[in-house]
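Residue-level listing of the chains:
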Amino acid sequence: MIDLNSKIEGASSGGEDFSPIPNNTYHVIVEKVSDWKSEVVDINVNQRDEHNKIVKDGDGKNIKVSLKSQTLYKANVTFTVTAGDFKGRKVFLNLSTHPDIIFRTQNLLWAVGKASIQLGDLQRAIVGLPLDITVEIKKRPSKVVDKTSGATTYVDKDFNDVTAFAKPSLIPNEELDV
């Protein structure tokens, strides 16, 4: 057991570059998928008709329905780029069982060739499989706390957003390194 009297040695964090990679489509493999974590939250979801189409109001805006105390599950996916100038770089994706964004998990499964699986089997089913992903650089607010004053500010931070999934393809004269 490690306590405050334990002696430890410093270790490199690996020095990996986590800055966003340029907007493009990349050959990747699914390196890892975290375990699903549950949380109970109140959510707003798009109302859908009998054909699963989103219902809109008279102004063309999505009609939302509030649901209380819903159990949602979240998992994090790490992709590794397998070819090109950014070979070895990581791209991250958050999955959720939220009804309005489950399509991301469905699109990912299609791209790795899985027609249907139980979500609880996702980690075992897709790790190591190749696919193509399209990423875009987007911005999100990031909290910064001044160490001297304790003041909190928010700054826009760039990140890669996975915007599309595709079955793996080969670009002419390029081989996947899987």
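Refer to the structure printed above.
Residues numbered from 1 in each chain as written. Predicted model: local features only at pLDDT ≥ 70, side-chain atom pairs only at ≥ 80, totals over all residues. Heavy atoms only, no water.

## Considering the overall build of the protein chain
- Check the secondary structure of the protein chain and you find 2 helices and 6 strands.
- Going from N to C terminus, the protein chain has its helices and strands arranged as β-β-β-β-α-α-β-β.
- Going through the 178 residues of the protein chain one by one, you find that 26% of them count as buried.
- As displayed, the protein chain has an accessible area near 12300 Å², and 50% of this comes from carbon and sulfur atoms. (Helix = DSSP H or I, 4+ residues; strand = E, 2+ residues; numbered from the N terminus. Buried < 20%, exposed > 50% of the residue type's maximum accessible area, 1.4 Å probe, protein only. Areas by Shrake-Rupley, 256 points an atom, 1.4 Å probe, with all protein chains shown as cover.)

## As for the side chain of Gln123
- Structurally, Gln123 is set in helix H2 (residues 122–126).
- At a separation of 2.5 Å, a polar atom in the side chain of Gln123 contacts the main-chain carbonyl oxygen of Ser34. (Polar contact = N/O pair within 3.5 Å; in protein donor to acceptor, adjacent residues only side chain to side chain.)

## Some remarks on the environment of Thr152
- Its place among the elements puts Thr152 in strand S6 (residues 152–166).
- In contact with Thr152, not counting residues within four places along its chain, are Lys143, Val144 and Val145. (Contact = heavy atoms within 4.5 Å.)

## Overview of the nonpolar core
- If you look at the biggest cluster of nonpolar residues, it comprises 25 residues, and the most contacted ones within it are Phe79, Leu108, Ile126, Leu131, Ile133 and Phe165.
- Residue contacts for Phe165: discarding those within four places in its chain leaves Phe79, Leu93, Arg104, Asn107, Leu108, Trp110, Ala111, Leu131, Asp132 and Ile133. (Core = buried A, V, L, I, M, F, W, Y, C linked by side-chain atoms within 4.5 Å.)

## Some thoughts on unusual backbone geometry
- Non-glycine residue Asn52 carries a positive phi angle of around 70 degrees.
- Its location among the elements puts Asn52 in the loop between strand S2 (37–46) and strand S3 (64–81).
- The phi dihedral of Ser69 is positive, around 50 degrees, even though this residue is not glycine.
- Positionally, Ser69 belongs in strand S3.

## Points about the pairing of strand S4 (residues 90–96)
- Counted residue by residue, S4 has 5 buried out of 7 residues, so it is predominantly covered.
- Note: S3 against S4, 7 bridges, orientation antiparallel. Across the sheet, Phe79 pairs through a bridge with Val91, a residue of S4. (Pairing = 2+ DSSP bridges.)

## Quick look at the pattern of salt bridges
- Throughout the structure, instances matching the rule amount to 8 salt bridges.
- Asp100 is paired through a salt bridge with Arg48; the nearest N and O atoms lie 3.9 Å apart. Within this pair, whereas Asp100 is found in the loop between S4 and helix H1 (102–111), its partner Arg48 is found in the loop between S2 and S3, the two being separated by 52 residues in sequence.
- Asp100 is paired through a salt bridge with Lys64; the nearest N and O atoms lie 3.8 Å apart. Residue Asp100 is located in the loop between S4 and H1, and its partner Lys64 is located in strand S3; the two are separated by 36 residues in the primary sequence. (Salt bridge = Lys/Arg side-chain N within 4 Å of Asp/Glu carboxyl O.)

## Focus: the side chain of Thr97
- Tracing the chain through its elements places Thr97 in the loop between S4 and H1.
- At a separation of 2.9 Å, a polar atom in the side chain of Thr97 contacts the main-chain amide nitrogen of Tyr73.
- In this structure, Thr97 is in contact with Trp36, Thr71, Leu72, Tyr73, Ile102 and Leu119, ignoring residues within four places of it in sequence.

## Quick look at H1
- Of all the residues in H1, the buried ones are Arg104, Thr105, Leu108, Leu109 and Ala111. Taken end-on, H1 shows its buried residues confined to a sector of 165 degrees, consistent with a single buried face.
- Buried residues along H1 sit against S3, S4, H2, strand S5 (130–145) and S6.
- Immediately beyond the C-terminal end of H1, within one or two residues, lies Gly113, with a positive phi of roughly 85 degrees. (Arc of directions from axis to C-beta.)

## Side note on the environment of Pro141
- Structurally, the position occupied by Pro141 is in strand S5.
- It is 5.4 Å that separates the C-alpha atoms of Pro141 and Val155, two residues lying 14 residues apart in sequence.
- Beyond its immediate stretch of four places on either side in the chain, Pro141 contacts Tyr154, Val155 and Asp156.

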